[in-house]
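Examination of the molecular architecture
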Amino acid sequence: MIFILALLLPLVLDAQSTKVKGRVTDADTGEGIPFVGVYYKGTTIGISTDLDGNYSIETRDPAAQVLTASILGYDTQEVKVQQHAFQVINFQLKTTNNHLNASLVKPDNRRMKQMLKRINERKPYNDPELKDAYNCDVYSRMELDLTDPQSQIPFNNFWKQFDFTLAYMDTSVVSGQPYLPVMISESKARKYHGRRPYVNKEIIEANRISGIEDENFLSQFTGTMHLKTNFYQDFINVFEQRIPSPLISTGFLYYDYYLIDSLQIDGRKTYYIRFHPGKLVSSPVFDGEMKIDAEDYALREIHAKLARTGTINWVRDLVIDNEHQRVDSTWFYKNDKMYIDMCLFLTDSTNLTSFIGNRQIAYGKPEFSLPKDNRMLNEMTGQVLVKFDADKSPAYWQEVRPFPLSAKEEGIYEMVDQVKDVPFYKGAYSVVEMFINSYLNIGKIGFGPVDQLISRNEQEGVRVLLGARTSPQFSKRVRYMVYGAYGFKDRGFKAGAQMEYLFSKDPERKLSVSGRHDMEQFGRGTNLATSGNIFSSVLSRGGDKRCTVNEYKIKYEHESSMNFNQTFEVLGRMIYGNQYVPLVRYAPDQAFEKGMEPPLETVPRFGYTQFHYGARLSWEETVLRGHFIKTYAHTKYPIIVLDLAGALHGLMSDYSYLRTELTCNYKLPLPPAGNIRFILNTGTIFGNVPYPLLKLHEGNGTHGLDKTAFACMDYYEFASDTWATLFAEYNMGGFILGKIPLLRKLDMREVFGCKVAWGMLSDRNNGTPGTTQAYSAPMLFPQWNYTRKDGTVVEKVMEPLNTPYIEVHAGLSNILRLFRVDANWRLTHRDTARQNFSVTFGFEASF
């Protein structure tokens, strides 16, 4: 299963080399010696030991033959290494005969404050991203490896199918664990960056990938657009976590700094500095060393390893190596490496379902301007794959690589491709893909969605659903989907079908045509986990109010640029009333003019054809692209969404209206104390419409977690035609719990939030029974009774939100890394509430 899960993570690597790890200790006491210089004799390749005396070093340099350990107060030791292999070399240093005291290095944070200040003052000159413009060659290499596969899969019959892979086993220099490559890729690109006007584009000139289906979105990320790390930024984004850079001006709040030495590199004085987590830090930070040019205060090299102060779920080790170079009197990228050791199990000590991702990005031929002819760049919508010859010759790759590959490394491509033809791999791929996409693909057809095979609700009773859709093996341009469902209580059949045609994957241009006859719950959140599946059925607390809907939809999605997406849609619906969603109104009658209440009449159904335009604006957002699926992953800027929808009476519609809606979604980082997510939504409806077309404030009829709905609000409880809602949630990321000894190991995270809704309802749409406004309203608001826990029967009617609705919640997330529990309190509109307190449960898997 790890073969497939690994495919979803954007990681990369450099290949085999000489790898050494070990520990330097005092020969008399056995204690680790910090800050020992461990280097290859006759070279500039080296590293210093951490506070416990540990080190690891990896190189391709053929001159790296003798490893040396040296520090003041101890005798220097040398050990000859075996090249092109992994080995563990431990040094036991003896104190010098002249009894010179060993060097005692203390944190020098006072001096480092001044140095960090100078580094940040020089940032506009030294940070490549702050240059007016540049373009350069980019070579990237990615590899994903299964850790200790013979331990994870101890079945002889299994290895009989994969015995050809054992010759390609290697060992990690960081963990010392053996691993087997399961995916490998490399690409050659030209990167273009400019500030005025803003340009951040990349043209991939060649791409080579093995061990992964090419329809997987990972193949789009073999460039550098979303993978590079820049330590000049205050925080490094790693899997949704913001880790403070050791170069941040306030670094002394997170790190203790040690000035180890002053070196001469390329004839320039260079400060050699180690940094370690501060004593009171409980959030994720780095531990490592860096070299700073003493004249320009520019970063020359940095080696940063994730410290054990905080947790990033499923990440056991993270190592980043950056190297910058001086080009034409300015500083620019040279190499960027990342190593990640991940475990998808609940504990990090196991090798079960663990793997390694390594990457190397090399930069070359930088020019500090943009081409004069920018027409192609202006037409690009982000990362664009230019038409290229997929079968580049071996000679081409040897020329563009910054280092040569051995024959064994070249053979990995063929080995990984052979893995895909093994029956076990095909079966494992289909099963894991089913858990990710809810469809079990068997050849050209996928069956599902598996989470909706059986469910239950008050209207349909037990509901069974069977569906199918075509897989990418059928077509990568067109996809067909069908489903059928049956409710054993209402004895009704439901069905739906959809066709999607993908004109272009990047930029996305897609047309969808669908139709269905089914039951729908209006006024619920957008979280699919709280409706129509096994999970929501188990956690249901009643109160469903579904009705039958006949629907057709034509939708076109157009990605104008990486930051601007548009949607054009025609939606036709026929909504049928029932006892749960009654469509009742006052009948027009002469008696009304004589002062008598007009009689009621039941409307069996009403319909409309709605024209919808949607626009989504974001900036520098990470986008994951698959066939027919595009996922927005991360941006540090607000996301703005505009929706305009309307219908015209007589144009296949019973009503005329215009609905305008604006949403702003922003995640405010507050490192090291977590982040706050704000979602602000506001809108208005012009026209006279029945209550199903009003803004039905989102309720939750389950004990399932739904961040897009109000946990203590019932369906159809409140309606508005002008409204504003604010959802705010503060995830502290274990900032408090991480400092409590008994709770720290549980890695739980504190969550606090508030949800507010306020709205107005015009007289023309106010269908509250018994009011004069209801006489002219298109439909009367629904009424129902419910019994409280104390036996009191309460009559309830849907009402306007003239008084703001407020609820707050507090919870614990990251329980066993997968679960979250919230306690929710309703603060307003409590007198007629079915419940003023609710506990919600849910899955929340995050790093």
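Residues numbered from 1 in each chain as written. Predicted model: local features only at pLDDT ≥ 70, side-chain atom pairs only at ≥ 80, totals over all residues. Heavy atoms only, no water.

**Some thoughts on unusual backbone geometry**
The peptide bond linking Arg 196 to Pro 197 adopts the cis configuration, its omega dihedral lying at 0°. Looking at the element boundaries, Pro 197 is found in the loop between strand E11 (178-195) and strand E12 (198-210). Of note, the phi angle at Lys 365 is positive, near 50°, even though the residue is not glycine. Of note, Lys 365 is situated in strand E21 (residues 354-367). Since its relative accessible area comes to 65%, Lys 365 is described here as exposed. For Met 652, which is not glycine, the phi dihedral falls at a positive 55°. In this structure, Met 652 sits in the loop between strand E37 (639-647) and strand E38 (657-669). (Helix = DSSP H or I, 4+ residues; strand = E, 2+ residues; numbered from the N terminus. Buried < 20%, exposed > 50% of the residue type's maximum accessible area, 1.4 Å probe, protein only.)

**Digging into the pattern of salt bridges**
Where side chains of opposite charge bring their charged atoms close, a pairing between them can arise. Applying the stated criterion to the full structure yields 49 salt bridges. Between Asp 296 and Arg 268 there is a salt bridge; the shortest N-O distance is 3.2 Å. Note that Asp 296 is positioned in the loop between strand E17 (286-293) and strand E18 (299-306) and Arg 268 in strand E16 (residues 268-277), a separation of 28 residues in sequence. The pair formed by Asp 296 and Arg 268 is uniform in burial state, with each residue classed as buried. The shortest N-O distance in the salt bridge between Glu 729 and Arg 820 comes to 2.7 Å. Highlighted residues: Glu 729 in strand E42 (residues 722-731) and Arg 820 in strand E47 (residues 819-826), separated in sequence by 91 residues. By relative accessible area, which is 1% here, Arg 820 ends up buried. A single salt-bridge network, built from bridges that share partners, covers Asp 266, Arg 268, Asp 293, Glu 295, Asp 296, Arg 300 and Arg 326. (Salt bridge = Lys/Arg side-chain N within 4 Å of Asp/Glu carboxyl O.)

**Digging into helix H2 (residues 109-121)**
Compared with the 18 Å implied by 1.5 Å per residue over 13 residues, the 18 Å span of H2 between its first and last C-alpha is a close match. Within H2 the residues assigned to the buried category are Asn 109, Met 112, Met 115, Leu 116, Ile 119 and Asn 120. Projected onto a plane normal to the axis of H2, the buried residues spread over an arc of 135° and lie on a single side. Of the exposed residues in H2, those oriented more than 90 degrees away from the buried face are Arg 110 and Gln 114. Of the surrounding secondary structure, the elements contacted by the buried residues of H2 are helix H3 (123-126), strand E15 (255-265), E16 and E17. (Expected span 1.5 Å × (residues − 1). Arc of directions from axis to C-beta. Contact = heavy atoms within 4.5 Å.)

**What about the pairing of strand E1 (residues 18-26)?**
A large share of E1 lies buried, amounting to seven of its nine residues. Bridge count for E1 against strand E4 (residues 54-59) is six bridges, and the pairing is antiparallel. When the bridges of E4 are listed, Lys 21 appears paired with Ser 56. With three bridges connecting them, E1 and strand E7 (residues 86-88) associate as parallel partners. Among the inter-strand pairings, Lys 21 is bridged to a residue of E7, identified as Val 88. (Pairing = 2+ DSSP bridges.)

**Regarding the sheet that holds strand E3 (residues 46-48)**
Strands sit in the order E3-E2-E5-E6 across an open sheet of four strands; the sheet is antiparallel. Since the sheet does not close on itself, it has two edges, and those belong to E3 and strand E6 (77-80), each with one partner. Pairs of neighbouring strands in the sheet enclose a mean axial angle of 15°, with direction left out of account. As judged from the four bridges shared by strand E2 (residues 37-40) and strand E5 (residues 66-70), these two strands associate in the antiparallel manner. Paired with Tyr 39 across the two strands is Thr 68, which belongs to E5. (Axes fitted to C-alpha atoms, helices over the stretch in contact; angles between N-to-C directions.)

**Things to note about the nonpolar core**
One finds Phe 231, Phe 286, Met 290, Val 315 and Leu 318 to be the most contacted residues of the largest nonpolar core, which totals 43 residues. The set of elements that each furnish at least two residues to this core consists of H2, strand E13 (235-238), E15, E16, E17, E18, strand E19 (315-327) and strand E20 (330-343). Setting aside residues up to four positions removed in sequence, Phe 231 forms contacts with Ile 236, Ser 245, Pro 246, Leu 247, Phe 286, Leu 299, Ile 302, Ala 304, Ile 320 and Asn 322. Phe 522, Tyr 608, Leu 694 and Trp 723 belong to the second-largest nonpolar core, a separate cluster that totals 29 residues. (Core = buried A, V, L, I, M, F, W, Y, C linked by side-chain atoms within 4.5 Å.)

**Points about the pairing of E18**
Within E18, six of the eight residues are buried, which leaves the element mostly enclosed by the surrounding structure. In this structure, the hairpin formed by E17 and E18 is closed by a connection of five residues, where Tyr 297 is found at a positive phi of approximately 50°.

**Focus on the environment of Tyr 139**
With respect to the helices and strands, Tyr 139 occurs in strand E9 (residues 133-147). Owing to a relative accessible area of 2%, Tyr 139 belongs among the buried residues under this scheme. The sequence separation of Tyr 139 and Gln 360 amounts to 221 residues, and the corresponding C-alpha distance is 8.1 Å. In contact with Tyr 139, not counting residues within four places along its chain, are Glu 186, Ser 187, Gln 360, Ile 361, Ala 362, Trp 397, Val 400, Arg 401 and Pro 402.

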